[in-house]
Amino acid sequence: MAALPSTPIKLDNCDITELLPHRGDMLMIDRLLSATATVGRGEKTFHAGHAMVCDGKPARSLLIEMMAQTLAALASVQPGVRIRFGMLVGVERATFHAD
């Protein structure tokens, strides 16, 4: 099998709401920072009053949903790929560490 290209995908003016169906407090990624065929980086800023923030911090378990949405956005910007439907079906093990 051929290696996937690691060439950066152009993300100029990439509107995350065109890549994901999530809206409001369920949108766990504000923007896709970088993407290649195999690696993506997303960003989310939580503000006071956000439904998923308690005592000024987002729940650590949200990291799973943030990763899933980043992966969906990454898949959506792949050249020649059209994503119609997807879901995270499970996480076998997860450990969260807090500062």
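Student: Outline the overall build of the protein chain, listing residues and values.
Tutor: Broken down by element type, the protein chain carries 2 helices and 4 strands. Scanning the protein chain from its N terminus toward the C terminus, one meets helices and strands in the order α-β-β-β-β-α. Across the 99 residues of the protein chain, 22% fall into the buried class. Taking as baseline every contact in the protein chain between residues at least 6 positions apart, the subset at least 24 positions apart corresponds to 59%.

Student: Lay out the nonpolar core in plain terms, naming residues and giving numbers.
Tutor: Among the nonpolar cores identified, the biggest contains 10 residues, and these are Ile16, Leu19, Leu20, Leu27, Ile29, Leu32, Ala35, Ala73, Leu74 and Val77. Mapped by element, the contributors of at least two residues to this core are α1 (16-19), β1 (31-35) and α2 (62-76). Here Leu74 is in contact with Leu32, Ala35, Thr36, Thr38, Val39 and Gly40, once residues within four sequence places are set aside.

Student: Requested: an account of α2, with residues and values cited.
Tutor: End to end, α2 covers 21 Å across 15 residues, agreeing with the expected 21 Å (1.5 Å per residue, within 8%). Where α2 is buried, its residues contact α1, β1, β2 (40-43) and β4 (57-58).

Student: Describe in detail unusual backbone geometry, supporting the description with residues and values.
Tutor: Positive phi, close to 55 degrees, is recorded for Asp55, a residue that is not glycine. With respect to the helices and strands, the residue Asp55 is situated in the loop between β3 (53-54) and β4.

Student: Let's hear about the pattern of salt bridges: which residues, and what values?
Tutor: Side chains that carry opposite charge are capable of pairing whenever their charged atoms lie near each other. Inspection of every chain in the model, using the stated rule, returns 3 salt bridges. Arg31 serves as the salt-bridge partner of Glu43, at 2.8 Å between the closest nitrogen and oxygen. In this pair, Glu43 is assigned in strand β2 and Arg31 in strand β1, connecting sequence segments 12 residues apart. Assessed through its relative accessible area of 32%, Glu43 is described here as partly exposed. Glu92 is the salt-bridge partner of Arg93, the closest N and O atoms lying 3.9 Å from each other. Given a relative accessible area of 72%, Arg93 falls into the exposed group. Overall, the relative accessible area of 73% leaves Glu92 in the exposed class.

Definitions and limits used
Residues numbered from 1 in each chain as written. Predicted model: local features only at pLDDT ≥ 70, side-chain atom pairs only at ≥ 80, totals over all residues. Heavy atoms only, no water. Helix = DSSP H or I, 4+ residues; strand = E, 2+ residues; numbered from the N terminus. Buried < 20%, exposed > 50% of the residue type's maximum accessible area, 1.4 Å probe, protein only. Contact = heavy atoms within 4.5 Å. Core = buried A, V, L, I, M, F, W, Y, C linked by side-chain atoms within 4.5 Å. Expected span 1.5 Å × (residues − 1). Salt bridge = Lys/Arg side-chain N within 4 Å of Asp/Glu carboxyl O.

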